[in-house]
Structures are given as structure tokens and as C-alpha cells.
Amino acid sequence: MSLMILRHAPALTGGLVTGRREVDADCGDRAALARMAARIGRPARVWCSPARRCLQTAQALGLSPDRVLPALLEQDQGLWEGRPLADLPDLGPLPPEALARHRPEGGESFLDMAARVRPALVEAPPGTLIVAHAGTVRAALALVVGARALSFAVAPLSLTILHRIDPEGAEWAVEAVNLTLPEAT
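Residues numbered from 1 in each chain as written. Predicted model: local features only at pLDDT ≥ 70, side-chain atom pairs only at ≥ 80, totals over all residues. Heavy atoms only, no water.

Student: Honestly, the environment of A120 in this entry has me stumped. Any pointers?
Tutor: Position of A120 relative to the elements: it lies in helix α4 (residues 110-123). On the accessibility criterion, A120 (6% relative accessible area) is buried. Taking C-alpha positions, A120 is 8.3 Å from L69, a pair spaced 51 residues apart along the chain. Excluding residues within four positions of it along the chain, A120 makes contact with W47, L69 and L72. (Helix = DSSP H or I, 4+ residues; strand = E, 2+ residues; numbered from the N terminus. Buried < 20%, exposed > 50% of the residue type's maximum accessible area, 1.4 Å probe, protein only. Contact = heavy atoms within 4.5 Å.)

Student: I would appreciate a short explanation of unusual backbone geometry in the present structure.
Tutor: One can expect most non-glycine residues to show negative phi and most peptide bonds to be in trans. Positive phi outside glycine occurs at L157, with the angle close to 55°. In the Ramachandran plot, N178 falls in the positive-phi region, its phi being about 60° despite a non-glycine side chain. Within the secondary structure, N178 sits in strand β6 (residues 172-179).

Student: Looking at this structure, I do not really get the sheet that holds strand β2 (residues 45-48). What am I missing?
Tutor: By definition, the strands of a sheet pair up through backbone hydrogen bonds, in either a parallel or an antiparallel sense. Reading across the sheet, the six strands line up as β3-β2-β4-β1-β5-β6 and stay open at both edges, with mixed pairing between neighbours. Strands at the two margins of the open sheet, each flanked by one partner only, are β3 (67-68) and β6. As judged from the five bridges shared by strand β5 (residues 159-164) and β6, these two strands associate in the antiparallel manner. Residue H163 lies in a different strand from β6, and its bridge partner there is A173. Along the sheet, helix α1 (residues 30-40) makes contact with β1 (2-7), β4 (128-132), β5 and β6, crossing β5 at roughly 15°. Across the sheet, helix α2 (residues 52-60) is in contact with β1, β2, β3 and β4; its angle to β4 comes to roughly 130°. (Pairing = 2+ DSSP bridges. Axes fitted to C-alpha atoms, helices over the stretch in contact; angles between N-to-C directions.)

Student: When you look at the nonpolar core in this model, what are you seeing that I'm missing?
Tutor: What tends to happen in soluble globular proteins is that the nonpolar side chains get buried as a cluster. Judged by nonpolar contacts, the single largest core of 27 residues is most densely connected at L3, I5, L72, L121 and I130. Those elements that provide at least two residues to this core are β1, α4, β4 and α5 (134-145). It is α4 that provides the largest number of residues to this core, a total of seven residues. The next biggest cluster of nonpolar side chains, apart from the first, holds 23 residues, and it includes L6, A25, L63 and L129. (Core = buried A, V, L, I, M, F, W, Y, C linked by side-chain atoms within 4.5 Å.)

The structure is reproduced here in C-alpha cells:
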């Protein structure tokens, strides 16, 4: 079973930590959107995070979500939300497992978010496209590589493709990560 996860178009964050904050997506690169729309084709189902930037991206791709699921929201950054990246505390070098457990005050850890996202990923029928966030993509990758998923860069408007190996969703394989479609030369 193939599962495609598309990160939303670039978010207009103003350099602030976004997480659950509502910000718009920059859907102005019509050529990039057209290339991605051609790549994903007409998925059997489209599930979407309720965040405005995800809904805007789906609309810009000509997709109408079958389901809008709060479980697909980005990681809640708690008191870090809306703060400049430069103002965040320096956690120093943390091994992936410690970083995955770190919970910003009033927010959720990556492990919390991954546990929230996992049931939706396992429930997704074959041929589903999920339009969501970098954190959602990393949560999906964590099904394969655990906390090391935090080391993946996930570009805006990039596609990640996983395959479920067993019906219960305990084993997954990665086909592609961070697939972007540059202009043909």
C-alpha cells in the first residue's frame, strides 16, 4: 500500500515559530504547483491537516480533501509559538532520542505528535495523499527510522512516499523523501 505525504507550500511565517499558528501558504509558484499536481495525479483520497496553509495548498493543486483531520496538525510548540527562531533556548547537542522527547513548555514533544499522527497513517487506505506539515512527514518517517526522522529536512511542497508492508501498519518502507520537482532544463 502506497501512502503519499505532501508538505504544504512555503508558509508565510515572518521568521517566527509556526507550529499550530495559522499562517498563509505562498501558493504563487504556479509552475511548481503544476509540476507537483502532475506528479501526484488524481489520488484515490485526499486527507488534509485543518491548518489554513495545508488547505490552501490542496486548493492550489486543484484537490478537494475527503477528510480534514486535526490529528495531522503540526507539532504544538507551546510557548515557543510566535517567537523568533533566534529567541528560542539553546538546547545544545541532543541525541535524536532526547530531542524527540523534549517538550516545549505548554506544547508537545515529537514523540507526542508522532503518537497522535500514527493512527491516521495506519488507517489511510491505499492511494491516499495527505497534505500536511514537515512534522507530519517526520512522524511518518519515524515509523521506519524512529527518532532519527528528526534529522530529515523536509522542503515546502515536497512529496514523501511510504509503503505499508503489513496490514497492521507495523512495518513500512520508504520509497522517496523530500521529492521536489525542479523545472525541466
